[in-house]
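Residue strings, one per chain:
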Protein chains: 2
Amino acid sequence: MAKATIKDVALVAEVSVKTVSRVLNDEPNVRPVLQEKVHAAVKALDFKRNPLARGLRGQQSFIITLLYSNPNPGYILELQNGALSQCIEQGYNLQIHPCDHNSPDLIKSVESITQYSTQDGFILTHPLCDNKELIALLDEKNIPFARISPFVREHDSPYVMSNDEEASFEMTKYLISLGHTKIGFIKGHPDFGATHKRYKGYQRALENMGLTLDEDYVKQGMFTFETGESCARQLLNQESRPTAIFASNDYMAAAILKVAAQMKINIPADLSVVGYDDAPVSQQIWPSITTVKQPINQMANTVVKKLIKRIKKQPFEEFDTVFDCELIIRNSTSPCS
Amino acid sequence: MAKATIKDVALVAEVSVKTVSRVLNDEPNVRPVLQEKVHAAVKALDFKRNPLARGLRGQQSFIITLLYSNPNPGYILELQNGALSQCIEQGYNLQIHPCDHNSPDLIKSVESITQYSTQDGFILTHPLCDNKELIALLDEKNIPFARISPFVREHDSPYVMSNDEEASFEMTKYLISLGHTKIGFIKGHPDFGATHKRYKGYQRALENMGLTLDEDYVKQGMFTFETGESCARQLLNQESRPTAIFASNDYMAAAILKVAAQMKINIPADLSVVGYDDAPVSQQIWPSITTVKQPINQMANTVVKKLIKRIKKQPFEEFDTVFDCELIIRNSTSPCS
DNA sequence: GTGAAAGCGCTAACAC
DNA sequence: GTGTTAGCGCTTTCAC
């Protein structure tokens, strides 16, 4: 059986195609009686509108493109799933577009997808959402977009973010509450807004609890296992070594475990370690890593809602913008001995 | 400036729209002179065909849907990237559809996406590609599909696979070459075809090298960290414990490291551990885990090529079907002491 | 309130 | 070889 078209529905419902279209699009000016008839016919024929035809006529594609450049597979997948479920709910398709935020071809690659297919909107994840060229491109092409965890917020496009600074503040306070005073910190990649927020939360907590920040306890990592490893070595090879280290993500935290094992430093007895992101590795390692979990799925869900509102030129302020993170206490932290 | 249409191109090239269409579709019967003209006009206008219109007219969508149900984010992302790059190259879009192979709604969920949008073909990853109901559904709807790592191969649809059995055979031989004779094995989830192939490679290597398989050294895991942990405990709590353990994936291998740490068993000095998949954790843990890497990206790439051939009803036998895996020797293995 | 007709951008069928 | 015409399924005029 060939797929039913709007004509078939009109025939069965004994109305015109236009009336069917009106009902389907929730337009006013249709008598309830006819609405009923149409709905019945739609159901009887198991009719679904052809998105291609809809798009062609309406100059829209019902495609939302998710742009990401991020080395964390667990994070990306969660993002995809959250965005996807909301897209499906609203009758949109999600197109994925992995890219490299360091590539000189970034702009070109995004431009090319805007040409080869049509998309109603973009979702930019960090750090792409702070890329001025990219934003300029989308603005120029007049393509709506929404951002996840932007650092710079001046654009009028919708965005969502997690309260990284607050979570980092809480996590640092937690370490202090365990009796730690010598708390090391490994920063993330400076291109990522989250890096600065996480560091700021750490700073603020120390200050707030009357501790002074020791520059020797702060090292610059790049979110990779390798940089985490070298930072950990630097931190732990000092005379007065920290009794706790806060890494800006779980990969770097995992690297601390490696260095500690090699140096025969016992975790958590001699050194507490915390990470960030709740990456799979934080559970697949021993001791499992105390970390921070962002509500990524929910954030992705909301950002899609906002984007679709923006696409439809409706207000989007009704939705949440800042999302709370959750501290997940595992086995890599213990009271300072 | 509004996007150029085929009409604009025809106008500039001073030919009919049909001629433009012919050139664009590489159809015969156009004089080289006109081809030149059309190409020049296309370039001048930076013209790209509207995929919606193309799809509507041609009863195709240029959408390929990737179906997966797999708990390994690194694997999925790699798969997506491989499939995506090939899709883009051939002018297709990739739609992703994560699902749960255990869900009773699986079939319904796939059926619904075939209704809400049109797709030219599906890519089924394992274990979905061995789901009879699913295959029956696609066959009935006459939607072409291709499979990645199917266990049952009777269908005439194209597929690719890695030679898991061979890789597992080689890995086991490698352990034996290190002097190990008491080699434990943790099986994966029985729903996955790979589980059986990996086990078979292990069996065959033992046999081949003149060792007898000891049932006490084989435990049934489910690919999760937790099951790996309990299997490791069972294996290591025996009187005559194995000196090496082969886990069917890296999550379970990571769990062995945990158990070993708790039991003060030194890795790799007292126990060699190998995993499978080259999951991110295998590098983010210490000691890093010796493992097997499948050429996922390449497999995904090829399966898309095959699928598109199938969609176009062209032969697809020219492409590779079986892909070699690579042993990655890291720090979790050493000669038997 | 409702319907007929036009057309979104493209390609298949058929003329020439 | 090349151009004209029709129409994919839908929504948007614009009549009634």
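Reading the values: the criteria
Residues numbered from 1 in each chain as written. Chains lettered and ligands numbered in written order. Predicted model: local features only at pLDDT ≥ 70, side-chain atom pairs only at ≥ 80, totals over all residues. Heavy atoms only, no water. Axes fitted to C-alpha atoms, helices over the stretch in contact; angles between N-to-C directions. Helix = DSSP H or I, 4+ residues; strand = E, 2+ residues; numbered from the N terminus. Parallel < 35°, antiparallel > 145°, perpendicular 65-115°, else oblique. Left-handed = near helix turned anticlockwise from the far one by under 90°. Contact = heavy atoms within 4.5 Å. Domains from an automatic or database assignment. Buried area = accessible area lost by both parts, 1.4 Å probe. Salt bridge = Lys/Arg side-chain N within 4 Å of Asp/Glu carboxyl O. Nonpolar A, V, L, I, M, F, W, Y, C, P; charged D, E, K, R; others polar. Buried < 20%, exposed > 50% of the residue type's maximum accessible area, 1.4 Å probe, protein only. Polar contact = N/O pair within 3.5 Å; in protein donor to acceptor, adjacent residues only side chain to side chain.

Colleague: Just to check I follow, could you spell out the packing of helix α4 (residues 51-58) of chain A against helix α4 (residues 51-58) of chain B for this structure?
Modeller: Packed helix pairs are specified by the crossing angle of their axes together with the interaxial distance, meaning the distance between the axes. In contact at an axis separation of 9 Å, α4 of chain A and α4 of chain B are set at 135° when each is read in the N-to-C sense. As far as their axial angle goes, α4 of chain B and α4 of chain A are oblique. For the pair α4 of chain A and α4 of chain B, the crossing hand works out as left-handed. Contacts from Leu52, Ala53, Gly55 and Leu56 of chain A in α4 of chain A reach Leu52, Ala53, Gly55 and Leu56 of chain B in α4 of chain B.

Colleague: Looking at this structure, I do not really get the domain arrangement of chain A. What am I missing?
Modeller: The accessible area lost on association of the parts is a frequent measure of interface size. Residue and element names in this part refer to chain A. What the domain assignment reports for chain A is domain 1 (6-49), domain 2 (63-162 + 296-323) and domain 3 (164-294). Once you take the C-alpha centre of each, domain 2 and domain 3 turn out to be 30 Å apart. Contact residues are listed per partner, giving 16 residues for domain 2 and 10 residues for domain 3. Across the domain 2/domain 3 interface, buried area totals approximately 1200 Å², and carbon plus sulfur atoms make up 55% of it. The largest contributions to the domain 2 side of the interface with domain 3 come from Asn72, Phe151 and Ser162, which together make up 37% of the buried area. The interface formed by domain 2 and domain 3 includes 0 salt bridges. Looking at the side of domain 2 that touches domain 3, the elements with two or more residues in it are α5 (73-89), β5 (159-162) and α12 (296-311). Its residues placed into classes, the side of domain 2 that touches domain 3 shows 9 nonpolar, 7 polar and no charged.

Colleague: How do you make sense of helix α2 (residues 17-24) of chain A when you look at a structure like this?
Modeller: Counting along an α-helix, one turn takes 3.6 residues, and residues three or four places apart therefore face a common direction. Along α2 of chain A, the positions that sit buried rather than exposed are Thr19, Val20, Ser21, Val23 and Leu24 of chain A. Buried residues along α2 of chain A sit against α1 (6-13) and α3 (32-45) of chain A.

Colleague: Looking at this model, I keep getting lost on the interface of chain A and chain B. Mind explaining?
Modeller: With 41 residues of chain A in contact, the opposing surface of chain B contributes 41 residues. With both sides pooled, the region where chain A packs onto chain B buries about 3700 Å², and carbon together with sulfur makes up 65% of that total. Considering only the side of chain A, the residues that lose the most area to chain B are Leu52, Gln284 and Trp286 of chain A, jointly responsible for 19% of the buried surface there. Taken together, chain A and chain B are joined by 0 salt bridges. One can count 5 residue pairs in polar contact (both at pLDDT 80 or more) joining chain A with chain B. Those elements giving two or more residues to the side of chain A that touches chain B turn out to be α4, α5, β2 (93-98), α6 (106-116) and α11 (250-262) of chain A. No other element matches the 7 residues that α5 of chain A contributes to the side of chain A that touches chain B. The residue inventory of the side of chain A that touches chain B, partitioned by class, reads 21 nonpolar, 15 polar and 5 charged.

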